[in-house]
Amino acid sequence: MQVKENQKKSFFKGLTGQILIAMFLGATLGIILHNTISPEAAQSFSTKIKMLATIFIRLVQMIISPLVFTTLVVGIAKLGDIKTVGRIGGKALGWFFTASFISLLIGLFYVNILQPGVGLKLEHVDMAAATEVTGKTQNLSFENFVEHIVPKSIIEAMATNEILQIVVFSIFFGLAAASLGSTVKPIIGAFDKLSHIVLKMVNYVMNFAPIGVFGAIAAVFAIRDAEELVITYFKFFGSFLIGISTLWVLLIAVGYIFLKGRMTELLKRITGPLAIAFGTTSSEAVFPKLTEELEAFGVKDKIVSFMLPLGYSFNLDGSMMYMTFASIFIAQFYNVHLDLGTQMAMLLVLMLTSKGIAGVPRASLVVVAATCGMFDIPIEGIALILPIDHFCDMFRSATNVLGNALATSVVGQWEDGKGVEADLNE
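Residues numbered from 1 in each chain as written. Predicted model: local features only at pLDDT ≥ 70, side-chain atom pairs only at ≥ 80, totals over all residues. Heavy atoms only, no water.

For the protein chain, an unreviewed UniProt entry supplies the name Dicarboxylate/amino acid:cation symporter and the organism Flavobacterium artemisiae. According to its UniProt record, the protein chain has this under Subcellular location (unreviewed entry): "Cell membrane". (UniProt positions renumbered as here; feature names shortened; annotations may be inferred.)

What follows is the structure, encoded as structure tokens:
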């Protein structure tokens, strides 16, 4: 009995417990204010309280660039050669594209079976609100994607937290360092120590996470009538939750297949990062903490530092599921018929166009808007899902974190096996 009481106390003292309490208090405060003050006052409060979330996310963002660069360079230098980097990179991309394809298929399946957009009546849709999203679609092209991969300046890439560009530079830098052998050991050692300093900073920043989550949740509920939104979008949101739940079950099942009983430990370790991503709707906000937890789980630092940055650019399972779901939902609302062949073509387009926009605000909506334009679906239909998008984003951000944690852990386990095999051959 005493043990259970101690466990409860330690839970609420821990980061996850504090975040859950912050979410509850934020939602309660937001709902009370929404029902008691004027819409103008609620909007003003929302803008101000949201600063708490903004400050937290900016604190995390200031850590990401130096963390990705230092850990990835050290990791590649430790891997030692292009062959090993290519092997791990091949496994990573194979996993990412398979997971993305399955996630897209799940969204496609449920939006066709449940048809949330058919017969839906939505009044007072704010079309003007969609212009911010649709304005970004003009930059979404294959040429732009290719240009986006390669940095013209590592300083610029770090300043804007372009993770994919930092990864490309770090791979070249790490391979060059590895080829020079022992002469660069002091520099690699310095980078290693620097990465540990940055990880120590993570612990300080994460103390602010509950306050950031409180601000994010309170800001949304102060200006949104949650009950009205749920009623209006019941079929859309309910269908989306069924799809995302299916994806979670599949990811966890795959985890147990590859990691066996250790999957339970992994889930316990990433509970905190999942809660932060859910509360702030930002998977980027948990990148440093997730790095720390995966290394504590037993994945080698060189694997974590290589896999996670790639995953944040190529492995956004929750977002992928949402993209097919939202695109075809808009088509259903406007009675635009899409046969199976067209839908599969849309799926492949989404697979490609979604890979280069990590770090773009509301990236999923930008890709959905661009895809609608390609398939003659009214692009202004993006305004239909804007009111409920924040709540969907909570679930897809947490799903992205789960998918990347799983991919990194599984590839790490495969590489451990390779290491043992190499030792035996020697």
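Here the narrative resumes.
K.L.:
Help me understand the packing of helix H8 (residues 163–179) against helix H16 (residues 301–314), please; the structure alone is not making it clear to me.
P.N.:
Between two packed helices, what matters for the description is the angle formed by their axes and the separation of those axes. Relative to each other, H8 and H16 sit at 145°, their axes nearing to 9 Å. Once H8 is placed against H16, the crossing between them reads as left-handed. Contacts between H8 and H16 pair Ile163, Leu164, Val167 and Ile171 from the former with Phe306, Pro309, Leu310, Tyr312, Ser313 and Phe314 from the latter. (Axes fitted to C-alpha atoms, helices over the stretch in contact; angles between N-to-C directions. Helix = DSSP H or I, 4+ residues; strand = E, 2+ residues; numbered from the N terminus. Left-handed = near helix turned anticlockwise from the far one by under 90°. Contact = heavy atoms within 4.5 Å.)

K.L.:
Would you mind showing me how to read the pattern of salt bridges here?
P.N.:
Side chains carrying opposite charge are able to pair once their charged atoms draw close together. A complete count under the given rule lists eight salt bridges for this structure. Here Glu293 and Arg269 are joined by a salt bridge, their closest N and O atoms 3.3 Å apart. A residue pair is termed long-range when its members are at least 10 positions apart, and Glu293 in helix H15 (residues 287–297) and Arg269 in helix H13 (residues 262–269) qualify at 24 residues. Here Arg269 falls in the partly exposed class, since its relative accessible area comes to 29%. (Salt bridge = Lys/Arg side-chain N within 4 Å of Asp/Glu carboxyl O. Buried < 20%, exposed > 50% of the residue type's maximum accessible area, 1.4 Å probe, protein only.)

K.L.:
Which parts of the structure should I look at to understand the UniProt feature "transmembrane region" (unreviewed entry) in the protein chain?
P.N.:
According to UniProt, the "transmembrane region" (unreviewed entry) feature falls on residues 12–35, 55–80, 92–113, 163–184, 204–224, 236–259 and 365–386. With 100% helix and 0% strand, residues 92–113 has its two end C-alpha atoms placed 32 Å apart. Segment residues 236–259 splits into 100% helix and 0% strand. End C-alpha atoms: 34 Å apart.

K.L.:
I would appreciate a short explanation of H16 in the present structure.
P.N.:
For an α-helix, the turn length of 3.6 residues means that residues three or four places apart are oriented alike. The end-to-end C-alpha distance of H16 is 20 Å, a good match for the 20 Å that 14 residues give at a rise of 1.5 Å each. The set of residues buried in H16 consists of Ile303, Val304, Ser305, Phe306, Met307, Leu308, Pro309, Leu310, Gly311, Tyr312, Ser313 and Phe314. (Expected span 1.5 Å × (residues − 1).)

K.L.:
Looking at this structure, I do not really get the side chain of Asp317. What am I missing?
P.N.:
As for its placement among the helices and strands, Asp317 is situated in helix H17 (residues 317–333). With residues near it in sequence (within four places) discarded, Asp317 still touches Ala99, Ser100, Ser103, Leu247, Leu251, Thr399, Asn400 and Gly403.

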